[in-house]
Amino acid sequence: MSGESFENLSYEDRTFTPSQSFIDNANTKSDIYDEANKDRLAFWEKQANRLSWNKKWDQVVDWQLPFAKWFVGGKLNASFNCLDRHVIEGRGERVAFHFEGEPGDTQTITYKQLLSDVCKATNALIELGVKQGDRIAIYMPMIPQAAIAMLACARLGAMHSVVFGGFSADALLSRIQDADASLVITADGGYRKSAAFALKGAVDEALKGSTNVKNVLVVKRTGQEVAWGSKDVWWHEIVDRQSDKHEPEFFDSENGLFILYTSGTTAKPKGIYHTTGGYLTQAAFTHHAVFDLKPETDVYWCTADVGWITGHSYVVYGPLINGATQVMYEGTPDTPTKGRVFQLIEKYKVSILYTAPTLIRTWMKWGDEYPNGSNLSSLRLLGSVGEPINPEAWMWYREVIGKNNCPIVDTWWQTETGAIMISPLPGVTATKPGSAMKALPGIGAEVVDDEGNAVGNGRGGYLVLTQPWPSMMRGIWKEPVRYKDTYWSRFNNLYFAGDGAKLDKDGAIWLLGRVDDVMNVSGHRISTTEVESALVSHEAVAEAAVVGAKDEMTGQGIVAFVILRGGIEAAKGDTLVKQLRDHVAKEIGAIAKPRQIMVVAELPKTRSGKIMRRLLKDVAENRAVGDSTTLADPNVMKLISEGLQSGKSED
Ligand code: WTA
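Just so it is clear, the model here is predicted, and its values are computed rather than measured.

Observations concerning the sheet that holds strand 5 (residues 106-110)
Link 1 in the chain: Taking strand neighbours across the sheet as the criterion, the seven strands line up as 5-4-17-16-18-19-20 in an open arrangement whose pairing is mixed. Of all the strands in the sheet, the pair left with one neighbour each is strand 5 and strand 20 (408-411). Between one strand and the next, the sheet's axes are offset by a mean angle of 15 degrees, whatever the strand orientation.
Link 2 in the chain: Along the sheet, helix 13 (residues 340-348) contacts strand 4 (95-100), strand 5, strand 16 (299-302), strand 17 (325-329) and strand 18 (352-355); its crossing angle with strand 4, the most-contacted strand, is approximately 145 degrees.

Below you can see the structure in the form of structure tokens.
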């Protein structure tokens, strides 16, 4: 960890207290922290009672560091909790989703309708042979069937592994193989930036690899032409003819709910494994407490794709358990105009908006005329997730989107934590622009130094979690040793999140980004190693080093340094750079396309051969290069810096 990036944070003294009326009506009051501190486990038991259990648990937690089981012996069904319960209790006519396709097509789906759609899909999965414990890959655009597919898997006790629709065939294949998925649920394609993109073709490409996939279930979304093989089944042909009744079975609290892959520090993505009872408990509690959801009156919109953890916890499970009415939007925020999101807020009278700093910064760049062109007065709460939100963007969000009238909850959490861990409570916390403030009730977080000692207020260090929590990952799929090494070995008895953080003089937590070599691009974690492997897999590249450089729009941008193989001329640089960027997009997905690729003659390495990314990062961020005395060849950095003046390429 480079000391400077954690020390030079200026003190922010603006605070924003919630209005009296917000405080009076808030779902949580300030005494909730004391309640949780007094008896943490009793607190979580109380939250678990938000769910409907078929059998109550015998034990709250079984904690054998680093392996946790929560609500041991309890039985429940995730899909029942999201759907049946609302219908049984008379909420069937409430809208679950206002869906808006990018081309403007809409669907209004009530809880009753969603239950019937999920039952049909469940019956179709049964016909296709899906059983409890199976792994199902879901590779979909952001359409209702994505949520329906997830809930149908959960209803059967099968685990979904959602693969973001922007990932390439290769990325999909490795995830199918790692989880040994037996079924892929996909669509012909989806709509993005006014055009139909294809998904089925990527599935076909992926399945040329060796897998145990028996069927591919395909939703017809765009009507584009697709190749058809013996494993392929149209969703409408098998799902539509099923009964819309399905009696759910109740599964153990620790039954697997899903695997979601996230980038690690080595090339192989980590299959983050989550189970049912604890995950749902914390997803439901945090959604209730942090977003202050009033299910009868609020319209809630989380802009995340179901391909990310935010889409799992705060589009599917948390909000549906809480009976929320949501907006789901398929497309990009600039189609057909840069005002699309704001028009939808006005159209559906959205009251709670949860989005990412990268989008907020993009809106700032586009200009205030877009938000000002719509009536945003329905908004009453704003949320942020995925990366640190800089104070400037926070203030803009507050003033231009929230009209100084909405508390902002900056929520820190991870795929691994399953649900929000650090956040203001909107009716309790006086917020500071750019700070996630403090650990939620029932959660233990601390900032520690290299030795694992608490740094105290006014100092920076590593963010750790000190207590097991209900929605914590149960492991990395099939890799218990890697799980332990990655998260539980840096400090004794503490979960190391991989983020740097600072406590200000009042003890508020400020997140400072990743300390390892995982980049955070537009809120998406991408490992430097994965991009390096992709570059090196191109015939022209001998060696590559990738760093995440500060980027005003996307948080971090990917900057790659490559050494070409002998005989390949750097003079052809420009076409080659384009080829390399496209190659990375093909190997990993467009999201991992380097912002910039620099052709260099050498890379800075230590004597043991480790690339010193810190120095490359200095270059990429246009800083004076730091201490390079441990380099095997101290001249290398000079050569790289000089070479840059000619070799820059950007688009
Ligand atoms: C970063 C997304 C600062 C952090 C839910 C974390 C944040 C990683 C915040 C997890 C925030 C997420 N402030 N940084 N409010 N939220 N991060 O797994 O580096 O996609 O470790 O989960 O995003 O990313 P993931």
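Next, the rest of the story.
Some words on the UniProt feature "binding site: ATP" (unreviewed entry) in the chain
Link 1 in the chain: Sequence positions flagged by UniProt for "binding site: ATP" (unreviewed entry) are, in local numbering, Gly-386, Glu-387, Pro-388, Asp-410, Thr-411, Trp-412, Trp-413, Gln-414, Thr-415, Asp-499, Arg-514 and Arg-525.
Link 2 in the chain: Within the element layout of this structure, Gly-386 appears in the loop between strand 19 (381-385) and helix 16 (391-401).
Link 3 in the chain: Aside from chain neighbours lying at most four places away, what touches Gly-386 is Asn-520 and Gly-523.
Link 4 in the chain: Examined against the element boundaries, Thr-415 turns out to sit in the loop between strand 20 and strand 21 (445-448).
Link 5 in the chain: Setting aside residues up to four positions removed in sequence, Thr-415 forms contacts with Leu-260, Thr-262, Ile-272, His-274, Ile-309 and Arg-525.

Some details on the pairing of strand 8 (residues 183-187)
Link 1 in the chain: Where burial is concerned, most of strand 8 is hidden: five out of the five residues are buried.
Link 2 in the chain: Burial along strand 8 is two-sided: Leu-183, Ile-185 and Ala-187 and Val-184 and Thr-186, pointing in opposite directions, are all buried.
Link 3 in the chain: Bridge analysis of strand 6 (residues 135-139) against strand 8 gives four bridges, and the strand direction is parallel. Bridged to Ile-136 within strand 8 is Leu-183.

Things to note about the nonpolar core
Link 1 in the chain: Counting 140 residues, the largest nonpolar core has Ile-185, Phe-291 and Tyr-317 as its most contacted members.
Link 2 in the chain: No other element matches the nine residues that helix 7 (residues 144-155) contributes to this core.
Link 3 in the chain: Setting aside its immediate chain neighbours within four residues, Tyr-317 contacts Ala-78, Cys-82, Met-150, Leu-151, Ala-154, His-160, Leu-257, Tyr-279, Leu-280 and His-312.
Link 4 in the chain: Ranked by size, the runner-up nonpolar core spans 29 residues in total, among them Val-327, Leu-376, Leu-379 and Leu-382.

Considerations on the side chain of His-287
Link 1 in the chain: Turning to its location among the elements, His-287 is positioned in helix 11 (residues 277-290).
Link 2 in the chain: Here His-287 falls in the buried class, since its relative accessible area comes to 0%.
Link 3 in the chain: Within the structure, His-287 has its side chain in polar contact with the side chain of Asn-322 (distance 3.0 Å).
Link 4 in the chain: Apart from residues lying up to four places away in sequence, His-287 is in contact with Asp-292, Leu-293, Tyr-300, Tyr-314, Gly-318, Pro-319, Asn-322 and Ala-324.

With respect to the site of the ligand
Link 1 in the chain: For the ligand, the set of nearby residues contains 17 residues, the closest of which are Asp-410, Thr-411, Thr-415, Asp-499 and Arg-514.
Link 2 in the chain: Here an oxygen atom of the ligand sits 2.9 Å away from a polar atom, N or O, in the side chain of Gln-414.
Link 3 in the chain: Between the ligand and Thr-415 there is a distance of 2.5 Å, counted from an oxygen atom to a side-chain nitrogen or oxygen.
Link 4 in the chain: Here the ligand has 520 Å² of accessible area as a free molecule, and 97% of this is covered by the chains.
Link 5 in the chain: Residue assignment for the shell around the ligand shows that the elements contributing at least two residues are helix 12 (309-321), strand 20 and strand 25 (509-514).
Link 6 in the chain: Tallied by class, residues from the shell around the ligand come to six nonpolar, six polar and five charged.

Topic: the sheet that holds strand 25
Link 1 in the chain: Pairing is antiparallel in the open sheet, where four strands are placed in the order 21-22-24-25. Unpaired on one side and paired on the other, strand 21 and strand 25 mark the two borders of the sheet. Ignoring which end each strand starts from, the neighbouring axes of this sheet average 45 degrees apart.
Link 2 in the chain: Summarising the sheet, strand 24 (residues 495-503) and strand 25 pair through four bridges and their orientation is antiparallel. Among the inter-strand pairings, Lys-502 is bridged to a residue of strand 25, identified as Trp-510.

Considering the environment of Gln-47
Link 1 in the chain: Within the secondary structure, Gln-47 is located in helix 4 (residues 40-48).
Link 2 in the chain: If we ignore the near neighbours within four places in the chain, the residues touching Gln-47 are Thr-281 and Phe-285.
Link 3 in the chain: Looking at Gln-47, its side chain comes within polar contact range of the side chain of Arg-50, at 2.7 Å.

Examining helix 20 (residues 613-620)
Link 1 in the chain: Along helix 20, the residues that are buried comprise Leu-615, Leu-616, Asp-618, Val-619 and Ala-620.
Link 2 in the chain: Phi for Asn-622, located one or two positions after helix 20, is positive at around 55 degrees.

Comments concerning the packing of helix 6 (residues 111-127) against helix 7
Link 1 in the chain: It is the contact of helix 6 with helix 7, at a shortest axis distance of 8 Å, that shows an interaxial angle of 60 degrees. The chirality of how helix 6 crosses helix 7 is right-handed. Contact residues: helix 6 offers Leu-114, Leu-115, Asp-117, Val-118, Cys-119, Ala-121, Thr-122 and Leu-125, while helix 7 offers Ile-148, Leu-151, Ala-152, Cys-153 and Arg-155.
Link 2 in the chain: Split into classes, the residues belonging to the contact of helix 6 with helix 7 amount to ten nonpolar, one polar and two charged.

Cut-offs used in this document
- Residues numbered from 1 in each chain as written.
- Predicted model: local features only at pLDDT ≥ 70, side-chain atom pairs only at ≥ 80, totals over all residues.
- Heavy atoms only, no water.
- Pairing = 2+ DSSP bridges.
- Helix = DSSP H or I, 4+ residues; strand = E, 2+ residues; numbered from the N terminus.
- Axes fitted to C-alpha atoms, helices over the stretch in contact; angles between N-to-C directions.
- Contact = heavy atoms within 4.5 Å.
- UniProt positions renumbered as here; feature names shortened; annotations may be inferred.
- Buried < 20%, exposed > 50% of the residue type's maximum accessible area, 1.4 Å probe, protein only.
- Core = buried A, V, L, I, M, F, W, Y, C linked by side-chain atoms within 4.5 Å.
- Polar contact = N/O pair within 3.5 Å; in protein donor to acceptor, adjacent residues only side chain to side chain.
- Near = heavy atom within 4 Å.
- Areas by Shrake-Rupley, 256 points an atom, 1.4 Å probe, with all protein chains shown as cover.
- Nonpolar A, V, L, I, M, F, W, Y, C, P; charged D, E, K, R; others polar.
- Left-handed = near helix turned anticlockwise from the far one by under 90°.

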